[in-house]
Amino acid sequence: MILLDGKKISEDIKNEIAAEVAMMKANGEKVPHLAAVIVGNDGASLTYVGSKVKACERVGFESTLVKMPSTTSETELLKKIKELNENDDIDGFIVQLPLPKQIDTQKVLMAIDPSKDVDGFHPENFGKMALDMSTFIPATPFGILELLERYNVETQGKHTVVIGRSHIVGRPMSILMGRKGFPGNSTVTLTHSHTKNINQITTQADIIITALGVPNYLKAEMVKDDVVVIDVGITRVADETTEKGYRITGDVDFENVSKKASYITPVPGGVGPMTIAMLLKNTLLARERRKLMK
Ligand code: GUN
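Residues numbered from 1 in each chain as written. Predicted model: local features only at pLDDT ≥ 70, side-chain atom pairs only at ≥ 80, totals over all residues. Heavy atoms only, no water.

Asks: Would you explain unusual backbone geometry in this entry?
Replies: Outside of glycine, negative phi angles account for most residues, and trans bonds account for most peptide bonds. Residue P98 is bonded to the preceding L97 through a cis peptide linkage, with omega at 0 degrees. Relative to the assigned elements, P98 resides in the loop between β4 (92-95) and α4 (105-111). Of the consecutive residues F182 and P183, the connecting peptide bond is found in the cis state with omega at -5 degrees. One non-glycine residue with positive phi stands out, namely D132, at about 65 degrees. Take D132: it is sitting in the loop between α5 (123-130) and α6 (139-150). (Helix = DSSP H or I, 4+ residues; strand = E, 2+ residues; numbered from the N terminus.)

Asks: Is there a simple way to think about the UniProt feature "domain: Tetrahydrofolate dehydrogenase/cyclohydrolase catalytic" (unreviewed entry) in the chain in this case?
Replies: Mapped onto this structure's residue numbering, the UniProt feature "domain: Tetrahydrofolate dehydrogenase/cyclohydrolase catalytic" (unreviewed entry) falls at residues 4-119. As a span, residues 4-119 carries 50% helix and 16% strand, and end to end its C-alpha atoms are 23 Å apart. (UniProt positions renumbered as here; feature names shortened; annotations may be inferred.)

Asks: It is not clear to me how the UniProt feature "domain: Tetrahydrofolate dehydrogenase/cyclohydrolase NAD(P)-binding" (unreviewed entry) in the chain should be interpreted in this structure. Could you clarify?
Replies: The UniProt entry lists residues 138-290 under the feature "domain: Tetrahydrofolate dehydrogenase/cyclohydrolase NAD(P)-binding" (unreviewed entry), expressed in the numbering used here. For residues 138-290, helix accounts for 32% and strand for 18%, while the C-alpha atoms at its two ends are 19 Å apart.

Asks: Mind showing me how you'd approach the site of the ligand here?
Replies: The local shell around the ligand consists of K52, V95, Q96, L97, D119, F121 and I168. Between V95 and the ligand, the recorded distance is 2.8 Å, taken from a backbone N or O atom to a nitrogen atom. D119 has a polar side-chain atom sitting 2.6 Å from a nitrogen atom of the ligand. Coverage of the ligand by the protein amounts to 83% of the 280 Å² it exposes when considered alone. In a pocket analysis with a 2 Å cut-off to the grid points, the ligand is assigned to the largest pocket. (Near = heavy atom within 4 Å. Polar contact = N/O pair within 3.5 Å; in protein donor to acceptor, adjacent residues only side chain to side chain. Areas by Shrake-Rupley, 256 points an atom, 1.4 Å probe, with all protein chains shown as cover. 1 Å grid on protein atoms, 1.4 Å probe; cavity = no way out; pocket = protein on both sides within 12 Å on 5 of 7 lines; lining within 4 Å. Sits in = over half its atoms within 2 Å of the grid points.)

Asks: Honestly, the packing of aromatic side chains in this entry has me stumped. Any pointers?
Replies: For any pair of aromatic rings, geometry is given as the distance between the ring centres together with the angle between the planes. Overall, the coordinates contain zero aromatic pairs when judged by the stated rule. The ring of F136 carries the charged tip of R289 above its face, separated from the ring centre by 4.8 Å. (Phe/Tyr/Trp six-rings, centres within 6.5 Å; stacked < 30°, edge-to-face > 60°. Lys NZ or Arg CZ within 6 Å of the ring centre and 35° of its normal.)

Asks: Can you help me understand the side chain of E146 in this one?
Replies: In this fold, E146 is placed in helix α6. Aside from chain neighbours lying at most four places away, what touches E146 is I13, M274, M278 and K281. (Contact = heavy atoms within 4.5 Å.)

Asks: Help me out: how do you make sense of the nonpolar core in this one?
Replies: Nonpolar side chains in soluble globular proteins tend to end up buried together. Counting residues in each nonpolar core, the largest one holds 49 residues, and the members touching the most others are I17, F61, I144, I209, I230 and V232. When residues of this core are assigned to their parent elements, the largest contribution, nine residues, is made by helix α10 (residues 271-293). Beyond its immediate sequence surroundings of up to four residues, V232 is in contact with T140, I144, V169, I209, T210, A211 and V271. In terms of nonpolar packing, the next biggest core, distinct from the first, is built from 18 residues, A35, L77, I103 and F121 among them. (Core = buried A, V, L, I, M, F, W, Y, C linked by side-chain atoms within 4.5 Å. Buried < 20%, exposed > 50% of the residue type's maximum accessible area, 1.4 Å probe, protein only.)

Asks: Can you help me understand helix α2 (residues 43-59) in this one?
Replies: Since the α-helix turns once every 3.6 residues, residues separated by three or four places project in the same direction. With 17 residues, α2 ought to run about 24 Å at 1.5 Å a step, and its terminal C-alpha atoms sit 25 Å apart, in line with that. Among all positions in α2, only A44, S45, V49, K52, V53, A55, C56 and V59 are buried. Contact partners of the buried residues in α2: α1 (6-26), β2 (33-39), β3 (62-68), β4, β9 (235-238) and α10. Directly beyond the C-terminal end of α2, a positive phi value near 95 degrees is found at G60. (Expected span 1.5 Å × (residues − 1).)

Asks: Explanation requested: the sheet that holds β4 in the structure shown.
Replies: Sheet strands associate in pairs through backbone hydrogen bonding, adopting either a parallel or an antiparallel arrangement. Taken in spatial order, the three strands line up as β3-β2-β4 in an open sheet, and their pairing is parallel. Unpaired on one side and paired on the other, β3 and β4 mark the two borders of the sheet. This sheet shows a mean twist of 15 degrees between the axes of neighbouring strands, independent of strand direction. In this sheet, β4 lies alongside β2 in parallel orientation, the contact comprising four bridges. Among the inter-strand pairings, A36 is bridged to a residue of β4, identified as I94. Packed on one face of the sheet, helix α3 (residues 74-86) meets β2, β3 and β4 and runs near 165 degrees to β4. (Pairing = 2+ DSSP bridges. Axes fitted to C-alpha atoms, helices over the stretch in contact; angles between N-to-C directions.)

Asks: Quick question: what am I supposed to make of the pattern of salt bridges here?
Replies: Between side chains of opposite charge, a pair can form when the charged atoms approach closely. What the rule picks out here adds up to 19 salt bridges. Here D132 ties to R179 by a salt bridge, and the two come within 3.6 Å at their closest N and O atoms. Residue D132 is located in the loop between α5 and α6, and its partner R179 is located in the loop between α7 (170-177) and β6 (187-191); the two are separated by 47 residues in the primary sequence. (Salt bridge = Lys/Arg side-chain N within 4 Å of Asp/Glu carboxyl O.)

In structure tokens form, the structure reads like this:
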């Protein structure tokens, strides 16, 4: 079994980005500037956004954190997005999801200037991704592709089973694994809460990507020998023995599934750090594109 070490690979990527930023600085160029908007006080979301901002500092990007109260109206958030769209100093920005109930997420995502949409959630960018056009690929799926590529995991002709059809992970992942090229050229099955006899499907999978948020969902009897397992789950499970009072748990019963797998991502230290590294990569790309537009 080979561990797909997202922590290490994400450090490699951040070092590559930092080297590019250092070169930009040496040439007297503007460095990339990422803004992140968070609405409300969800602990996990605050932690993720904090990590994104910290990663910006680490590679030499400028960053802006916009914190808005949980009572923020849709109109107020749309006004902030307009400001960020029009602020020439900002190269890219994200609105952390989920949003409070009073706000229509689709409306918000549609309001983001596609050239600054480093999450790749705007329909224009999502459509371009589905059509193999150059665009911002959503950070988590992009991170998974990068892990598969850097470990040279064969995907061509393989049966990839994606569990979960969220707009952030499952849906884009199912499109990307079926695209022409590497990683890609897979035969893809997208499963979800209405899928019948899921064990029959997962036991035929060469590659399984779980994006469910159900701790320890994927059990050893659901997979075949030598399967490749990518675990996107990051659920906080109460644990009094830890300092924080919780631990992060993936969708995969790692202890038992890892005994059968050829490659597997750990949680934490697998997909999570890759997501942040690829958001930085998209922001660098946004900066480079804006430079060409001038
Ligand atoms: N919430 C969970 N994952 C993500 C992500 O990749 N981007 C944003 N904006 N919100 C998220």
